[in-house]
Amino acid sequence: MRRRSLLALAATPALAPFLIACGGESAARVEVFTWWTGPGEGEGLDELIKLFAKANPDIEFVNAAIAGGGGDQARAVLASRLQASDPPDSFQGHAGAELADYIDSGVIEDLSELFDAEGWGDVLHPGLMENLTQGGKIYAVPVNIHRANLLWTNPTVLADAGLEPATSWSELVEQAEKLGDGKIALSIGPLWTQLHLLETVLLGELGADAYAGLWTGETSWTDSATIDALDTFTAVLGVSDVAQAAADWQPQLDKLIDGTAAYSVMGDWAYSYLATNKKLAYESDYGVVETPGSAGVFDYLSDAFTLPAGAKNADSARAWLRVCASVEGQDAFNTKKGSLPARIDADQSLYTDYLGWNMSQWLDPATVIVGSLAHGAVARPGWKTEIETALGVFVTDGNATTFAEAVTAAYKATSG
């Protein structure tokens, strides 16, 4: 576990509303638990930490981040701490179904009063507020909006082969034969990135309504259309480097950068890595389009922070949540992280290049919004874990029917 304390900085007038009095707490500190440590995500967290330090110079910030882009390692450590009644003061989660078990177990606090006091419900995207609200209560403060259904491209590789970005998954598979020697169509990372790829193939092949129905039982995993979509996923894997899968999402994208891959499916945290860490130019060094078949659809996820029950420094945690929800915090964080603000009153002029294109779609009333499987929006943790387990087998054997039956049985077993 990495721990780092920041020196207190002088408070600024713009953040004066976030100053708090910490009398009554045993120590002026706040321990915040995330999985943001790697390039393209650590920078965004650092911006929030700086703002928090300016707003709360008497509170020591303890960065309890656990490495791992998908968050699986962090969630395992967090589960152990919660079971031992040793929660951090605030921890990162994904808005939506991922928080359901925490809510049912009573390990995170209802933040509805804080939302009402701060007026956050009036400035957050209505679709996000609907997803945040469970049983009429709100349990997490969103700091951003990410998009999952993105196909990152190497424009040079495509141009050399005389290709345009694929608009269907079958077209992407066909394009693999036209790439030069030593080049693959699609770069792949560890299992969570394969789950991410699976959801985008299902979305593109089934359409938004049927995709959404997979998570409610309205769409059958075993009907012919879903089986066909799963077979398409297997075909896509066939033009990827899954046999030499990268260790995480950054090295997955490195294959796109060095020109050995034409495409990579990843969320828009990739933008920060490409533009900030690698200093690459949008639309010349790299490009991005919706994943095949999903134009006009926004497959979203939202990073959010909680207040655990029994947090040792609850007032300090509330101060952290106020900074996360502020306009200043969201603009500073998201322009570094490669995501969009959860607030609709943020400074839109700050979001340029890819982010400007993406924001216009997020705010367009005509855009259809669906939730991400891989990133906690639509499937409860128990079911998602079973899907991942079955996916590990499916990637190896390609048996769509067996996978669909396993996912269906897991849904029945975990849906209560």
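Located above this text is the structure these notes cover.
Residues numbered from 1 in each chain as written. Predicted model: local features only at pLDDT ≥ 70, side-chain atom pairs only at ≥ 80, totals over all residues. Heavy atoms only, no water.

## Some remarks on the overall build of the chain
(1) Moving on: What the chain contains, in helices and strands, is 17 helices and 14 strands.
(2) Moving on: Counting only C-alpha atoms, the chain reaches 65 × 50 × 40 Å along its principal axes.
(3) Moving on: Among the 416 residues that make up the chain, the fraction classed as buried is 55%.
(4) Moving on: Across the chain, contacts joining residues at least 24 apart in sequence account for 79% of those joining residues at least 6 apart. (Helix = DSSP H or I, 4+ residues; strand = E, 2+ residues; numbered from the N terminus. Buried < 20%, exposed > 50% of the residue type's maximum accessible area, 1.4 Å probe, protein only. Contact = heavy atoms within 4.5 Å.)

## Quick look at the sheet that holds strand E7 (residues 146–147)
(1) Moving on: If you trace the 3 strands from one edge of the open sheet to the other, you get E7-E12-E14, paired in mixed fashion. The sheet is open, and its two edges are formed by E7 and strand E14 (368–371), each paired on a single side.
(2) Moving on: Both strand E12 (residues 297–301) and E14 contribute to a ladder of 4 bridges, which runs parallel. By the bridge assignment, Val297 is partnered in E14 with Val368. (Pairing = 2+ DSSP bridges.)

## Things to note about the pairing of strand E10 (residues 261–265)
(1) Moving on: The buried fraction of E10 is high, at 5 of 5 residues.
(2) Moving on: As paired elements, strand E8 (residues 150–153) and E10 share 3 bridges and run antiparallel to each other. Following the sheet pairing, Trp152 is matched in E10 by Ser264.
(3) Moving on: Of the pairings in the sheet, the one linking strand E9 (residues 184–187) to E10 comprises 3 bridges and is parallel in character. Residue Ile184 lies in a different strand from E10, and its bridge partner there is Ala261.

## Let's talk about the packing of aromatic side chains
(1) Moving on: Throughout the structure, instances matching the rule amount to 23 aromatic pairs.
(2) Moving on: Ring geometry for Phe52 against Phe61: centres 5.7 Å apart, planes inclined by 65°, an arrangement best described as edge-to-face. Both residues of the pair, Phe52 and Phe61, count as buried.
(3) Moving on: One Lys or Arg, Arg75, reaches over the ring of Trp35 and ends 4.9 Å from the middle of that ring. (Phe/Tyr/Trp six-rings, centres within 6.5 Å; stacked < 30°, edge-to-face > 60°. Lys NZ or Arg CZ within 6 Å of the ring centre and 35° of its normal.)

## Thoughts on the sheet that holds strand E2 (residues 60–63)
(1) Moving on: Taken together, 5 strands build an open sheet; the order of strands is E2-E1-E3-E13-E6 and the sheet is mixed. Two strands bound the open sheet, and with one partner strand each, they are E2 and strand E6 (141–142).
(2) Moving on: As paired strands, strand E1 (residues 29–33) and strand E3 (residues 90–94) are joined by 2 bridges and run parallel to one another. Paired with Phe33 across the strands is Phe91, a residue of E3.

Function cannot be read off these values alone, since they describe shape.
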